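Commentary on secondary and tertiary structure
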Amino acid sequence: MPFSSVVGHSKQISILKSLISSKRFPSSSLFVGPEGVGKKLIATEVLKLLTENPLNVRILGEEKPGTIEEIREASSWLFTKPSSGKGKGLIIDNADEMRSEAANALLKTLEEPPDYGFIVLIAKNEEAVLPTLRSRCRVFRFGKLSDSNIEYLLEKLGLKPDKRVVKLSNGSVGMAVRLSESQVPELIKEFINLMKSKDKLKGIISFSSNFSKLSREETLLFLNALENLLSQKDTVLRWFEAIQKGREFLKFYGKPQSVVEWILLEVLLKTERESF
């Protein structure tokens with residue numbers, strides 16, 4: 001049954017089903033919302049229904065944003081008539097992270113798609129999508145999943161729905177899965193203990209040493225979870241800029257231990273006497 005694997009987003013699913021059944025689904029659309037809430041899964045289900053052949057649905061940009069060469073090749077594929085089914089569907093993941101030349105290469109296809117073709121862009125940040133692309137798409141917005149949705153999906157995947165993980169995931173099942181399989185929840189627990197200690201500055205070196213053998217990907221997951229934790233405690237403003245810079249340092253090959261140590265020093269040296 002279509003959409004049977006989708007959890008949450010009942011209002012959006014109802015709208016999508018109505019557009020499909022009335023044959024009014026747009027040829028170009030943009031699915032926007034937090035990472036890991038099911039946007040790509042829903043887009044895949046939509047395109048399977050529209051094309052009537054799952055083999056006619058292609059996904060680009062899952063691991064990293066599509067390049068200009070990949071966009072051109074995918075567009076060429078889309079313009080080749082399908083040998084079976086009713087059409088073809090192209091999903092462009094991470095559309096908000098594409099370079100301008102790749103986005104511009106996609107523009108002509110969005111302007112004049114084949115009459116049997118459907119394109120769905122997936123993005124976390126609507127404003128980061130090139131305006132010329134955004135203006136040619138119908139936008140569908142997806143919100144966070146509820147805690148009960150996250151718990152249900154974790155159980156379905158055979159993972160223990162730890163309450164701490166659910167809260168840190170901030171409505172993203174994708175993040176909840178990664179947290180369940182990582183050291184990050186324990187590191188967050190250590191961070192909280194550090195913030196409660198009387199001499200936080202002395203504990204920074206010991207805490208940051210936990211990241212000496214941690215990958216950049218898992219350190220980034222820690223920073224994302226930390227930001228979610230702090231936003232729930234209304235203390236994110238004094239940490240936000242440092243965390244953002246920390247992400248950039250990781251992106252440009254900063255060592256995880258050094259990045260975490262820098263973030264803590266950057267904030268705590270300014271707020272040494274403030275309690276957590």
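Everything numeric in this text was worked out from a predicted model, so none of it was measured. (Residues numbered from 1 in each chain as written. Predicted model: local features only at pLDDT ≥ 70, side-chain atom pairs only at ≥ 80, totals over all residues. Heavy atoms only, no water.)

Attention now goes to the packing of helix H9 (residues 184-196) against helix H10 (residues 200-208). Put simply, H9 and H10 touch, their axes get as near as 9 Å, and they point 160 degrees apart. As the angle between them shows, H9 and H10 are arranged roughly antiparallel. Once H9 is placed against H10, the crossing between them reads as right-handed. Where H9 abuts H10, its residues Leu 187, Glu 190, Phe 191, Leu 194 and Met 195 lie against Lys 200, Gly 203, Ile 204 and Phe 207. Counted by class, the contact of H9 with H10 contains 6 nonpolar, 1 polar and 2 charged residues. (Axes fitted to C-alpha atoms, helices over the stretch in contact; angles between N-to-C directions. Helix = DSSP H or I, 4+ residues; strand = E, 2+ residues; numbered from the N terminus. Parallel < 35°, antiparallel > 145°, perpendicular 65-115°, else oblique. Left-handed = near helix turned anticlockwise from the far one by under 90°. Contact = heavy atoms within 4.5 Å. Nonpolar A, V, L, I, M, F, W, Y, C, P; charged D, E, K, R; others polar.)

On to the pattern of salt bridges, then. Overall, the coordinates contain 16 salt bridges when judged by the stated rule. Across the pair Glu 112 and Lys 108 runs a salt bridge whose closest N-O atoms are separated by 4.0 Å. Of the two residues examined, Glu 112 and Lys 108, each falls in the exposed class. In this structure, Glu 227 and Arg 247 form a salt bridge, with 3.1 Å as the shortest nitrogen-oxygen distance. Of the two residues, Glu 227 is situated in helix H11 (residues 216-232) and Arg 247 in helix H12 (residues 237-251); the sequence distance between them amounts to 20 residues. (Salt bridge = Lys/Arg side-chain N within 4 Å of Asp/Glu carboxyl O. Buried < 20%, exposed > 50% of the residue type's maximum accessible area, 1.4 Å probe, protein only.)

This brings us to the packing of aromatic side chains. The tally for this structure, following the rule as stated, stands at 10 aromatic pairs. Centroid distance Phe 207 to Phe 211: 5.6 Å. Interplanar angle 65 degrees. Geometry classified as edge-to-face. For the pair formed by Phe 207 and Phe 211, the shared burial category is buried. An aromatic cluster is built from Phe 25, Phe 31, Phe 118, Phe 140 and Phe 142, whose rings are joined through pairwise contacts. (Phe/Tyr/Trp six-rings, centres within 6.5 Å; stacked < 30°, edge-to-face > 60°.)

Residue placement: Glu 186 occurs in helix H9. Overall, Glu 186 belongs to the partly exposed group, its relative accessible area being 43%. In the structure, Glu 186 is positioned 71 residues away from Asp 115 in sequence and 52 Å away in space, judged by C-alpha atoms.

A few words on the nonpolar core. Nonpolar side chains in soluble globular proteins tend to be buried together. Phe 25, Phe 31, Trp 239 and Leu 264 are the most contacted members of the largest nonpolar core, which has 62 residues in total. A total of 7 residues in this core trace back to one element, the largest contributor, which is H11. In contact with Phe 31, other than residues within four places in its own chain, are Leu 16, Phe 25, Lys 39, Ile 42, Ala 43, Val 120, Leu 121, Ile 122, Ala 123, Phe 140 and Phe 142. Ranked by size, the runner-up nonpolar core spans 22 residues in total, among them Leu 60, Ala 102, Leu 107 and Leu 121. (Core = buried A, V, L, I, M, F, W, Y, C linked by side-chain atoms within 4.5 Å.)

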